[in-house]
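# Tertiary structure, described
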Amino acid sequence: MDAFTTGILQRIHSTESDLFHARETGDDFLAEVEEAELADLHRLAAEHGVQVLPKIA
């Protein structure tokens, strides 16, 4: 796995965690920010051929 792939997957994982915590604490604004960031990261990963496996609940 190259550095870009490792980095983007780590950022996705971190953002998913931040989103979970924002939702848990009821911070709707932060949750929206994290959702937008997550969408951008998924778009960027797709543009570079990085497969992101769906998160299992």
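Anything mentioned here points back to the structure above.
So, about the nonpolar core. Among the nonpolar cores identified, the biggest contains nine residues, and these are Ile8, Ile12, Leu19, Ala22, Ala31, Leu38, Leu41, Ala45 and Val50. Of all the elements in the fold, those that place two or more residues in this core are helix 1 (3-25) and helix 2 (28-47). Contacts of Ala45, omitting those with residues within four sequence positions, involve Ile8, Ile12, Val50 and Val52.

Once that is clear, we can look at the environment of Thr25. Locating Thr25 in the fold gives a position in helix 1. Judged by relative accessible area, Thr25 falls into the exposed class, the value being 65%. Of the polar contacts made by the side chain of Thr25, one reaches the backbone oxygen of Ala22; its length is 3.2 Å.

Take helix 1 next. Between its terminal C-alpha atoms helix 1 stretches 33 Å, which fits the 33 Å expected from 23 residues at 1.5 Å a residue. Every buried residue belonging to helix 1 is among Thr5, Ile8, Ile12, Thr15, Glu16, Leu19 and Ala22, and all of these are buried. Summarising the contacts, the buried residues of helix 1 are in contact with helix 2. One side-chain oxygen at the N-terminal end of helix 1 lies 3.3 Å from the backbone nitrogen of Phe4; it belongs to Asp2.

Attention now moves to the pattern of salt bridges. With the rule as written, the count across this model stands at three salt bridges. Measuring nitrogen to oxygen at the nearest pair gives 3.0 Å for the salt bridge that ties Arg11 to Glu37. With Arg11 in helix 1 and Glu37 in helix 2, this pair connects stretches of sequence that are 26 residues apart. A relative accessible area of 43% means that Arg11 is categorised as partly exposed. In this structure Glu37 comes out as partly exposed when scored by relative accessible area, which is 28%. The partner of Glu35 in a salt bridge is Arg23, with the nearest N and O atoms 2.7 Å apart. Remark: Arg23 occurs in helix 1 and Glu35 occurs in helix 2; sequence separation between them is twelve residues.

Scoring rules and cut-offs
Residues numbered from 1 in each chain as written. Predicted model: local features only at pLDDT ≥ 70, side-chain atom pairs only at ≥ 80, totals over all residues. Heavy atoms only, no water. Core = buried A, V, L, I, M, F, W, Y, C linked by side-chain atoms within 4.5 Å. Buried < 20%, exposed > 50% of the residue type's maximum accessible area, 1.4 Å probe, protein only. Helix = DSSP H or I, 4+ residues; strand = E, 2+ residues; numbered from the N terminus. Contact = heavy atoms within 4.5 Å. Polar contact = N/O pair within 3.5 Å; in protein donor to acceptor, adjacent residues only side chain to side chain. Expected span 1.5 Å × (residues − 1). Salt bridge = Lys/Arg side-chain N within 4 Å of Asp/Glu carboxyl O.

That is the geometry; function is a separate question.
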